[in-house]
Amino acid sequence: MIFRLLCGSLLLMFSGIICMSEGQTASAAGSSPVGSKNVTNVETKSKQGSESCVEPAKGPIAPTQQQSSVGETSERPLSMPPMARVGKPAPDFEANAFQNGKFKNIKLSDYKGRWVALCFYPGDFTFV
Amino acid sequence: MDVLAVSTDSRFSHKVWQETELSKMVPHGVPFPLLADSGGKIGKVYGVYEDDAGVDIRGRFIIDPDGVIQGMEVLTPAVGRNVSELIRQVQAFQHVRKTGEATPSGWKPGKPTLKPGADLVDGVWKVWKPEMAF
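The present account deals with the structure reproduced in this document. (Residues numbered from 1 in each chain as written. Chains lettered and ligands numbered in written order. Predicted model: local features only at pLDDT ≥ 70, side-chain atom pairs only at ≥ 80, totals over all residues. Heavy atoms only, no water.)

### Digging into the overall build of chain B
Test applied: Helix and strand assignments come from DSSP, with helices taken as H or I runs of at least 4 residues and strands as E runs of at least 2, each series counted from the N terminus. When we talk radius of gyration, it's over C-alpha atoms, and the globule rule is simply 2.2 Å times the number of residues to the 0.38. Here the term buried applies to any residue with accessible area under 20% of the maximum for its type, exposed to any over 50%, and partly exposed to those in between, with areas from a 1.4 Å probe on protein chains only. It only takes one pair of heavy atoms within 4.5 Å for two residues to be counted as in contact. Accessible surface area values rest on a Shrake-Rupley calculation with a 1.4 Å probe, where residue burial reflects the displayed protein chains alone. Asp and Glu count as negative and Lys and Arg as positive, but His and the ends of the chain are not part of the count. All charge positions are set by atom: Lys at NZ, Arg at CZ, Asp at CG, Glu at CD.
Each helix and strand counted, chain B has four helices and six strands in total. Counting from the amino terminus, chain B carries its helices and strands in the arrangement β-α-β-α-β-β-β-β-α-α. The C-alpha radius of gyration computed for chain B amounts to 19 Å, which surpasses the reference 14 Å derived for 134 residues by more than 25%, pointing to a less compact arrangement than a globule. C-alpha extents for chain B along the principal axes are approximately 55 × 35 × 30 Å. Burial status across chain B gives 43% buried among its 134 residues. When contacts within chain B are restricted to residue pairs at least 6 apart in sequence, those whose partners lie at least 24 apart make up 30%. A total accessible area of about 7100 Å² is found for chain B, and carbon and sulfur atoms account for 59% of it. Here chain B carries 16 positive and 17 negative side-chain charges, and the mean point of each set is 5 Å from the other.

What follows is the structure, encoded as structure tokens:
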């Protein structure tokens, strides 16, 4: 469990670092040395036409018709209270994802018009 | 129906899990996307983020084509889901959406449905028996 948490925080560190600045691309995890504390594992050469850079995802997306207090922007709030209720619209979100060998960003609203089973689970490499 | 799987692991962990374990359980691995909910932000909004462990527990939401949540089931991590029940529920919700009928307990495609209306008030026993739920 502790080992998994440590790995989790290392991975979070890497994923936050990649794609931070415009114009700079990073290769996918393949060539990053695991365990390196240095941030200098970003390559400046980019492959022609490859989508190796994935933007950080927004996380939960607040509904746009929410009333915001004066002076507050309607950009995503830092924390949102639990909103998911059966019978109510599902809260939209954007997340980094891995599918079919590729990284991409996925929004729940991309799936409008289709039935969706949204399945949360505790962790990769765990038992059940 | 589309499936989206979410955990607090990063997309890199998902990639490695797919390649090293999932592809051994399912040929070529799972076809649906594995989403990264770093920090549990999405889990918090869905009420399944467990603060102490820092993970999303086993919540499952059925969302219809209009984006409305029709059903949810949340379990603690030790017990796995029942996929047949998930499929049964989605079929039931699809039937309800198409026909406006209601599906009684234990309904499966082909079994009798209930047509809500004034006639059925105090009359369900005439058209449905508890044994039909199994």
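Read on, since the account is not over.
### Considerations on the pairing of strand E6 (residues 69-75) of chain B
Residue and element names in this part refer to chain B. Just so we agree on the cut-off: DSSP-based pairing: two strands are paired if at least 2 bridges between them are found.
Relative to E6, strand E5 (residues 58-63) runs antiparallel, the two sharing six bridges. Its bridge partner being in E6, isoleucine 63 is matched across the sheet by isoleucine 69. The antiparallel hairpin formed by E5 and E6 contains five residues in its connecting segment, where glycine 67 sits at a positive phi of about 85 degrees.

### Let's talk about the interface of chain B and chain A
Under the convention used in this document: Defined in terms of a 1.4 Å probe, buried area is the accessible area two parts forfeit on being brought together, summed over both. Salt-bridge detection follows one rule: a side-chain nitrogen of Lys or Arg within 4 Å of a carboxyl oxygen of Asp or Glu. Any pair of nitrogen or oxygen atoms within 3.5 Å is treated as a polar contact; in protein, a donor-acceptor pairing is required on top of that, and neighbouring residues in sequence qualify only through side-chain atoms on both sides.
Listed per partner, the contact involves 65 residues of chain B and 49 residues of chain A. Across the chain B to chain A interface the summed buried area is about 5400 Å²; carbon plus sulfur atoms make up 67%. Across the contact surface, chain B and chain A share one salt bridge. Between aspartate 2 of chain B and arginine 114 of chain A there is a salt bridge, with the nearest N and O atoms lying 2.5 Å from each other. At the junction of chain B with chain A, the criterion picks out 26 residue pairs in polar contact (both at pLDDT 80 or more).

### Some thoughts on the environment of phenylalanine 12 of chain B
Residues and elements named next belong to chain B. For phenylalanine 12, the position within the fold is in helix H1 (residues 11-25). When its relative accessible area of 7% is taken as the criterion, phenylalanine 12 is described as buried. Spatially, the C-alpha atoms of phenylalanine 12 and proline 65 are 30 Å apart, while their sequence positions differ by 53 residues.

### Details of the nonpolar core
Cut-off, in case you're wondering: Residue types Ala, Val, Leu, Ile, Met, Phe, Trp, Tyr and Cys, when buried and joined through side-chain atoms within 4.5 Å, form a set referred to as a nonpolar core.
Leu118 of chain A together with Tyr46, Phe61 and Ile63 of chain B are the most contacted members of the largest nonpolar core, which has 22 residues in total. Those residues in contact with tyrosine 46 of chain B, other than ones at most four positions away along the chain, are Ala84, Ala90, Pro91, Phe93, Leu108, Leu118 and Phe120 of chain A together with Phe61, Ile63 and Ile69 of chain B.

### Considering the pattern of salt bridges
Residue and element names in this part refer to chain B. Tallied over the entire structure, the rule returns six salt bridges over all chains. A salt bridge links glutamate 19 to lysine 15; its shortest N-O distance comes to 3.1 Å. In this pair, glutamate 19 and lysine 15 both sit in helix H1, four residues apart, roughly one turn of the helix. Exposure remark for lysine 15: the relative accessible area of 26% places this residue in the partly exposed category.

### Points about helix H3 (residues 83-99) of chain B
Note the cut-off: Between the first and last residue of a helix there are one fewer steps than residues, each counted as 1.5 Å, and that sum is the expected span.
With 17 residues, H3 of chain B should reach 24 Å at 1.5 Å per residue; the first-to-last C-alpha distance of 24 Å fits that figure. Listing the buried residues of H3 of chain B in full gives Leu86, Arg88, Gln89, Val90 and Ala92 of chain B. Buried residues belonging to H3 of chain B abut strand E4 (116-120) of chain A together with E5 of chain B. Between the side-chain oxygen at the start of H3 of chain B and the backbone nitrogen of serine 84 of chain B there is a gap of 3.0 Å, and the oxygen is on asparagine 82 of chain B.

### A word on the environment of valine 54 of chain A
Positionally, valine 54 of chain A belongs in the loop between helix H1 (2-17) and strand E1 (59-61). Taking the C-alpha atoms as reference, valine 54 of chain A lies 7.2 Å from asparagine 105 of chain A; in sequence the two are 51 residues apart.

### What about the side chain of aspartate 9 of chain B?
Take aspartate 9 of chain B: it is sitting in the loop between strand E1 (2-7) and H1. For aspartate 9 of chain B, a relative accessible area of 15% corresponds to the buried category. There is a polar contact of 2.7 Å between the side chain of aspartate 9 of chain B and the side chain of serine 7 of chain B. For aspartate 9 of chain B, the residues in contact, after removing those within four places along its chain, are Pro122, Gly123 and Asp124 of chain A together with His14, Leu35, Ala36 and Asp37 of chain B.

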